[in-house]
Amino acid sequence: MSESRITRWSAALLGGTCSLLLVVLTLSFIGDDDKSETSPPAVQTASLDGSSSEAASSESASMDAYGVPTTHNWDVTERTIRRNQTFADLLREHGLSYQQVVNVASTVEDIYNVRRLRTGKTLRIYKNPTTETAHYAVYTPSSERYVVYNLQNPADSNVNERTVNTEWARTSGTINGSLYQTMIDSGAHPELVIKLADVYAWQVDFFRLQPGDRFDIIYEKRSVEGERIRPGDVVAARLVHRDTPYYAFRFQEESDERAEFYDEDGNSLRREFLRAPLDYARISSRFSQNRVHPVHGVSRPHHGTDYAAPTGTPVRSVGDGVVEFAAYKGANGNYVRIRHNGTYSTGYLHLSGFADGIRQGATVKQGQTIGYVGSTGTSTGPHLDYRVWKHGTPIDALEMDLPPAYPVTPSLRQPYMQTVERLKPMLEPPTHFAAERASAAPTS
């Protein structure tokens, strides 16, 4: 999967009665990734529990970084896994017979199946220089995990977790092009762009952001042995769109399976529908009662919103529902229609194909991929024609008034508001942030 479409997120931030960050953390607990012209002063960083971000553990002197015994002066070779290359292909030239490799593969099936090794990844092979036989192989599926295959005693193979250091960090920027490019230019990890888009999926239409809009984010910055890896959760955010600030604070109630985001008044940011059915496209045509058809050249209503995007771009359902139709339908091409409730239905036209399991009567979840952008039916190029009906009447998806989800439970409102009071100043622009901190400093 490409870096711009990294897997989706969300897990509880901290445990506790309200699992919320009833933070007694001070502003000095925030690292700063802000690369705007006016940066806040240098600040200390710490892990979320207030301890130093320095790794607490050290490797034993008799083990290397992967836990492989250093009893031999190993001949270490790193092999990049090529397409269609098997585990046997990688190891047979290192002194192992085909039967030995088969035995290893069979024994480690429930530990870490060798079929999970991926093209482009590296296999680190430890060979005894005296016998010219491989004893260990290390595979790193991610920055956080590695697998040690004991080739001589396969049952002793294991999967290990690296120590991940987590600290709060801040990144900010003013949009002067796309949100994605502006955030990358500010030093943000690509996955943080996706996380921010999900936080505001129900509140802000990211296709309508404009130059001058601004973002300020506090998030979990994660690293392994000093190397930055995928970020953790967004802790709080502020997005200024058309001079209107939209705040988001992460909070998990005890009865919830996952954390939600709420505004400064405790209202949930979640809505019944996502604002858009796909990421990072552009609107090529809007809802209209009188549009000149690009193929037929005559004026007729266009009761959808067209999103231009490359063929194959995943299209997601904007809400939970039941598939009413999923097939080829004349000028609509490959077409999916979903009934969400007694009021709303949505349609997705000109798809290149359908996702697995998408058929009439199937149940879908919000955000689930239902098909892929294409140009089937009457179409001049790859795009998605997205449609919404309210009580059977087509409406403009961009003008929908989306109903909110539940607010913070009244019994937890006070601790929630206390947390908002602590986090909100941290989301102010850097100059304001610095001034706030200076004014809060004790005087002699």
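My aim in this report is to walk through the structure given alongside it, one point at a time. Computed from a predicted model, the values in this text were never measured in an experiment.

1. A word on the nonpolar core
And step 1. Residues Val336, Tyr348, Ile370, Leu384 and Tyr386 are the most contacted members of the largest nonpolar core, which totals 29 residues.
And step 2. Broken down by secondary-structure element, the contributors of at least two residues to this core are β19 (334-339), β20 (344-351) and β24 (383-390).
And step 3. Ignoring sequence-local partners within four residues, the contact set of leucine 384 consists of Pro277, Leu278, Thr305, Asp306, Tyr307, Val315, Tyr348, Leu349, Leu351 and Val373.

2. Concerning the pairing of strand β5 (residues 145-150)
And step 1. Of all six residues in β5, five are buried, a share of seventy percent or more.
And step 2. Relative to β5, strand β4 (residues 133-139) runs antiparallel, the two being bridged by four bridges. Along β5, the bridge assignment pairs alanine 137 with tyrosine 149.
And step 3. Following β4, the chain reverses through five residues before pairing antiparallel with β5.
And step 4. Inspection of the sheet shows β5 paired to strand β6 (residues 158-161) by four bridges, in the antiparallel sense. Across the sheet, valine 147 pairs through a bridge with valine 159, a residue of β6.

3. A short note on the environment of tyrosine 247
And step 1. Among the secondary structure elements, tyrosine 247 is positioned in strand β11 (residues 244-251).
And step 2. As for tyrosine 247 and leucine 427, which are separated by 180 residues in sequence, their C-alpha atoms are 8.9 Å apart.
And step 3. Ignoring anything within four residues of it in the chain, the contact list for tyrosine 247 reads Tyr200, Ala237, Arg238, Tyr262, Asp263, Glu264, Leu269, Lys424, Leu427 and Glu428.

4. Focus: the sheet that holds strand β23 (residues 369-372)
And step 1. Taken in spatial order, the three strands of this open sheet run β17-β23-β21, and their pairing is antiparallel. Each of the sheet's edge strands pairs with one partner strand only, and the pair in question is β17 (314-316) and β21 (353-354).
And step 2. Where β17 lies against β23, three bridges are found, and the strand directions are antiparallel. Each bridged residue has a counterpart across the sheet, and for valine 315 the counterpart in β23 is glycine 371.

5. A word on the pattern of salt bridges
And step 1. In total, this model carries 16 salt bridges according to the counting rule given.
And step 2. Among the ionic pairs, glutamate 93 bridges to arginine 79, the shortest N-O distance being 3.1 Å. On the criterion of sequence distance, the pair formed by glutamate 93 in the loop between α1 (87-91) and α2 (98-107) and arginine 79 in strand β2 (residues 75-80) is long-range, its members being 14 residues apart.
And step 3. Look at glutamate 93 and you get exposed, because its relative accessible area is 53%.
And step 4. Notably, a salt bridge pairs glutamate 144 with arginine 230, separated by 3.4 Å at the nearest N-O pair. Taken together, the positions of glutamate 144 in the loop between β4 and β5 and arginine 230 in the loop between β9 (227-228) and β10 (234-241) put the pair 86 residues apart, joining distant regions of the chain.

6. What to know about the packing of aromatic side chains
And step 1. Inspection of the entire model under this criterion finds 13 aromatic pairs.
And step 2. Here the aromatic rings of tyrosine 112 and tyrosine 139 are separated by 6.0 Å at their centres, their planes lie at 50°, and the arrangement is tilted. In this pair, tyrosine 112 sits in helix α3 (residues 109-112) while tyrosine 139 sits in strand β4, placing the two residues 27 residues apart along the sequence.
And step 3. Among the residues examined, tyrosine 112 registers a relative accessible area of 4% and is labelled buried.
And step 4. Considering the side-chain rings of phenylalanine 325 and tyrosine 335, the 5.5 Å spacing of their centres and the 40° angle between planes classify their relative orientation as tilted. Here the residue phenylalanine 325 occupies a position in strand β18 (residues 321-328), and tyrosine 335 occupies one in strand β19, the gap between them amounting to ten residues.
And step 5. Given the relative accessible area of 26%, phenylalanine 325 is considered partly exposed.
And step 6. Assessed through its relative accessible area of 6%, tyrosine 335 is described here as buried.

Thresholds applied
Residues numbered from 1 in each chain as written. Predicted model: local features only at pLDDT ≥ 70, side-chain atom pairs only at ≥ 80, totals over all residues. Heavy atoms only, no water. Core = buried A, V, L, I, M, F, W, Y, C linked by side-chain atoms within 4.5 Å. Buried < 20%, exposed > 50% of the residue type's maximum accessible area, 1.4 Å probe, protein only. Helix = DSSP H or I, 4+ residues; strand = E, 2+ residues; numbered from the N terminus. Contact = heavy atoms within 4.5 Å. Pairing = 2+ DSSP bridges. Salt bridge = Lys/Arg side-chain N within 4 Å of Asp/Glu carboxyl O. Phe/Tyr/Trp six-rings, centres within 6.5 Å; stacked < 30°, edge-to-face > 60°.

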